[in-house]
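Each chain, written out:
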Amino acid sequence: MGFFNSVKKERLDTIAKVNSKNILESVLRATSGADVTKEVSFSIYYKIVGFKPAKEGIGCSLLVANVAMALAKLGLNVCVMDTSILNPSQDVLLNTGNTSKEDWLEMPYTNSNVMSVSKRNSKIHVLSFRNRGLIDLLSVAENEDLCDVAFTQLLDKYDIFLVDLSNEPSAVSTACMQHCHKVIQLWTNSPHALNNISDFVDSNVSVCCPLEKMSSVVTSMVVDDIPTDWESILGKYKFKRIGNIPLSLEVARVISLGKLPFDYQANSEGIDLYNKCVSDVVNDIIEMETGEVENFTGRNLEDIEDEVVEESFSNDTLEDEVFEDNYDIDEGISEEDNYSDEEVED
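Residues numbered from 1 in each chain as written. Predicted model: local features only at pLDDT ≥ 70, side-chain atom pairs only at ≥ 80, totals over all residues. Heavy atoms only, no water.

## Topic: helix 13 (residues 269-286)
With 18 residues, helix 13 extends 26 Å from end C-alpha to end C-alpha; this agrees with the ideal 26 Å at 1.5 Å per step. Among the 18 residues in helix 13, 13 count as buried, and that is most of the element. Sitting at the amino-terminal end of helix 13 is Ser268, which places a side-chain oxygen 3.4 Å from the backbone nitrogen of Gly270. (Helix = DSSP H or I, 4+ residues; strand = E, 2+ residues; numbered from the N terminus. Expected span 1.5 Å × (residues − 1). Buried < 20%, exposed > 50% of the residue type's maximum accessible area, 1.4 Å probe, protein only. Polar contact = N/O pair within 3.5 Å; in protein donor to acceptor, adjacent residues only side chain to side chain.)

So this is what it looks like as structure tokens:
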């Protein structure tokens, strides 16, 4: 007691009890890179999430777009990064309507707004390449600095980043995968894809993407008639399957209509199974409690819209905030930009 008696009373008054849970959450957010977060009803420990397909054409970009819609529906501001230079698709899937010549490749050299805003949900912004070709892919301008510039300018502007990782041999795609806090792989069970899974995983590891980072797998466009021992294949790398998307003509029909399965209301088993996978992926990304999110079918959207999100910074901050050198991410967006389904179809 003699020690405490020698300490001034006013200094003792400054001592406060600290909740150990708050300390742990702060450490997890800091180590994951998600140090700027919203106070929501769930924790975001993976702020930059990549999606990497084992082969092209198995629905990776489509899944990214639908997960973005689901996260935006929960009240999060989402940045979708499309790393494909030759075949970008997110501007089309998310219906940004952006035809500007200035894109991600011009980002280090311009003060103009190179971001696109989705007409499906204004909380979703897209960073992509537009009207580029093989010359641009092979040029010196296509380098890892594009990734560094993007995250330097955008990291504190959005709650979460979804990165559509292309299989093109580009420096920006590789650099973005290295920046990701989590990479979700997409596998399919075609004989060619199954034979190449080992090479696919090894190539990701060779560019500094450890197995722990890409431990989550979504099986996509799965043909049930092909017997596949997923448990054995996943167990080889200690991966876990977080979702499954069967091959579905119903999903293909919805896409051909210019819609996304997430916001398409239909009594369809194929659509429901797809949206269940979207729900599983969202739960895996933002560490929700089991049962906290309904399956994202069109019939349950009203429940999601009613969820209350307490923000540490509001969406108005995004609308008013200006990047360095007058780089405004919401340039040209008014508070009245509420897009109806009819406008999107037009």
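## Remarks on the packing of helix 10 (residues 197-206) against helix 11 (residues 230-237)
Following both chains from N to C, one finds helix 10 and helix 11 inclined at 25 degrees, their axes separated by 12 Å at the closest point. In this view, helix 10 runs roughly parallel relative to helix 11, as classed from their interaxial angle. In terms of crossing hand, the pair formed by helix 10 and helix 11 is right-handed. Two secondary-structure elements touch here, helix 10 through Ile197, Ser198 and Val201 and helix 11 through Ile233, Lys236 and Tyr237. When its residues are assigned to classes, the contact of helix 10 with helix 11 shows four nonpolar, one polar and one charged. (Axes fitted to C-alpha atoms, helices over the stretch in contact; angles between N-to-C directions. Parallel < 35°, antiparallel > 145°, perpendicular 65-115°, else oblique. Left-handed = near helix turned anticlockwise from the far one by under 90°. Contact = heavy atoms within 4.5 Å. Nonpolar A, V, L, I, M, F, W, Y, C, P; charged D, E, K, R; others polar.)

## Things to note about the sheet that holds strand 4 (residues 124-127)
Spatially, the eight strands line up as an open sheet ordered 3-4-2-5-1-6-7-8, and their pairing is mixed. This sheet does not close on itself; its edge strands, each paired only once, are strand 3 (116-117) and strand 8 (240-246). For strand 2 (residues 78-82) and strand 5 (residues 160-164), the ladder comprises five bridges, and the chain directions are parallel. Across the sheet, the residue bridging to Met81 is Val163, located in strand 5. Most of the contacts of helix 13 go to strand 8, to which it runs at about 160 degrees, and overall it touches strand 1 (48-53), strand 5, strand 6 (182-187), strand 7 (216-222) and strand 8. (Pairing = 2+ DSSP bridges.)

## Some thoughts on the environment of Val64
For Val64, the location among the structural elements is in helix 4 (residues 60-73). Considering only alpha carbons, one finds Val64 and Leu165, 101 residues apart in sequence, at a separation of 9.9 Å. Residues contacting Val64, with those up to four places away along its chain left out, are Phe51, Val80, Gln90, Leu162 and Asp164.

## Regarding the pattern of salt bridges
Any two side chains of opposite charge can pair, on the condition that their charged atoms come close. Applying the stated rule across the entire model yields eight salt bridges. Between Asp284 and Lys182 there is a salt bridge, with the nearest N and O atoms lying 3.0 Å from each other. Note that Asp284 is positioned in helix 13 and Lys182 in strand 6, a separation of 102 residues in sequence. Residue Asp284 is classed as buried on the basis of its relative accessible area of 11%. Residue Lys182 is classed as buried on the basis of its relative accessible area, which comes to 6%. Across the pair Asp284 and Lys240 runs a salt bridge whose closest N-O atoms are separated by 3.4 Å. One end of the pair, Asp284, is in helix 13; the other, Lys240, is in strand 8, with 44 residues separating them in the sequence. Residue Lys240 is classed as partly exposed on the basis of its relative accessible area, which comes to 45%. (Salt bridge = Lys/Arg side-chain N within 4 Å of Asp/Glu carboxyl O.)

## Considerations on a nonpolar patch on the surface
A cluster of nonpolar side chains, Leu86, Leu134 and Leu138, forms an exposed patch at the surface whose accessible area comes to about 310 Å². Within the fold, Leu134 resides in helix 6 (residues 134-138). (Patch = residues over 30% accessible without salt bridge, like charges linked within 9 Å, V, L, I, M, F, W, Y side chains within 5 Å. Areas by Shrake-Rupley, 256 points an atom, 1.4 Å probe, with all protein chains shown as cover.)

## Section: the packing of aromatic side chains
The geometry of an aromatic ring pair comes down to the distance between the two centres and the angle between the two planes. The final tally for this structure, using the stated rule, is six aromatic pairs. Ring pairing ties together the aromatic residues Trp187, Trp230, Tyr237 and Phe239, which thus form one cluster. In this structure, Lys182 is placed above the aromatic ring of Tyr46, and the distance from its NZ or CZ to the ring centre is 4.8 Å. (Phe/Tyr/Trp six-rings, centres within 6.5 Å; stacked < 30°, edge-to-face > 60°. Lys NZ or Arg CZ within 6 Å of the ring centre and 35° of its normal.)

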